[in-house]
Amino acid sequence: QVQLVESGGGLVQAGGSLRLSCAASGRTFSRYTVGWFRQAPGKEREFVAILRRSEGTTYYGESVKGRFTISRDNAKNTVYLQMNSLKPEDTAVYYCAADDHPMVVRPGVATWGQGTQVTVSS
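The rules behind the values
- Residues numbered from 1 in each chain as written.
- Predicted model: local features only at pLDDT ≥ 70, side-chain atom pairs only at ≥ 80, totals over all residues.
- Heavy atoms only, no water.
- Salt bridge = Lys/Arg side-chain N within 4 Å of Asp/Glu carboxyl O.
- Helix = DSSP H or I, 4+ residues; strand = E, 2+ residues; numbered from the N terminus.
- Buried < 20%, exposed > 50% of the residue type's maximum accessible area, 1.4 Å probe, protein only.
- Pairing = 2+ DSSP bridges.
- Axes fitted to C-alpha atoms, helices over the stretch in contact; angles between N-to-C directions.

One pass over the full model with this rule turns up 6 salt bridges. For Asp90, the salt bridge is made with Arg38, and the minimal N-O distance between the two is 2.9 Å. Of the two residues, Asp90 is situated in the loop between strand E8 (78-83) and strand E9 (92-99) and Arg38 in strand E4 (residues 33-39); the sequence distance between them amounts to 52 residues. Here Asp90 and Arg38 have matching classes, each one buried.

Looking now at the sheet that holds strand E7 (residues 68-73). Pairing between the strands of a sheet is mediated by backbone hydrogen bonds and can be parallel or antiparallel. Ordered in space as E1-E3-E8-E7, the 4 strands form an open sheet in which the pairing is antiparallel. Only two strands of the sheet have a single neighbouring strand rather than two, namely strand E1 (3-7) and E7. The sheet shows a mean angle of 15 degrees between the axes of neighbouring strands, taken without regard to direction. Where E1 meets strand E3 (residues 18-25), 5 bridges bridge the pair, whose relative direction is antiparallel. Residue pairing across strands places Ser7 opposite Ser21, the latter belonging to E3.

As a further point, take the pairing of strand E5 (residues 46-51). Summarising the sheet, E4 and E5 pair through 5 bridges and their orientation is antiparallel. Pairing of Trp36 across the sheet is with Ala49, part of E5. Counting the residues between successive antiparallel strands, the hairpin from E4 to E5 contains 6 residues, one of them, Gly42, with a positive phi of roughly 80 degrees. When E5 meets strand E6 (residues 58-60), the two strands line up antiparallel, connected through 3 bridges. Its bridge partner being in E6, Ala49 is matched across the sheet by Tyr60. The antiparallel hairpin formed by E5 and E6 contains 6 residues in its connecting segment, where Gly56 sits at a positive phi of about 75 degrees.

Rendered as structure tokens:
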């Protein structure tokens, strides 16, 4: 079983950037498909980005496409989410999740981190 710890959240002005990190321990992180999700107060959890284990390909939610980038450093057992051109509507708790499925993150199966708060001021 892998354990996940997110970091890097904080308060930033609109138009700014943040880089979130998701550090894994317990098992080789390269064996997992990893995703980032977010949840704002009063809203449902939203898909942000995924990095597939099998192909190394990435996919993004429409609201972040072109602004966010997911990447991984297997030597450091860490996945990153680089967030640029941040908007107030990006304010949320961001979670990473890891699934041993080669292509998807299954919310009911994956391991989740504790989340990190991102707040974007206007």
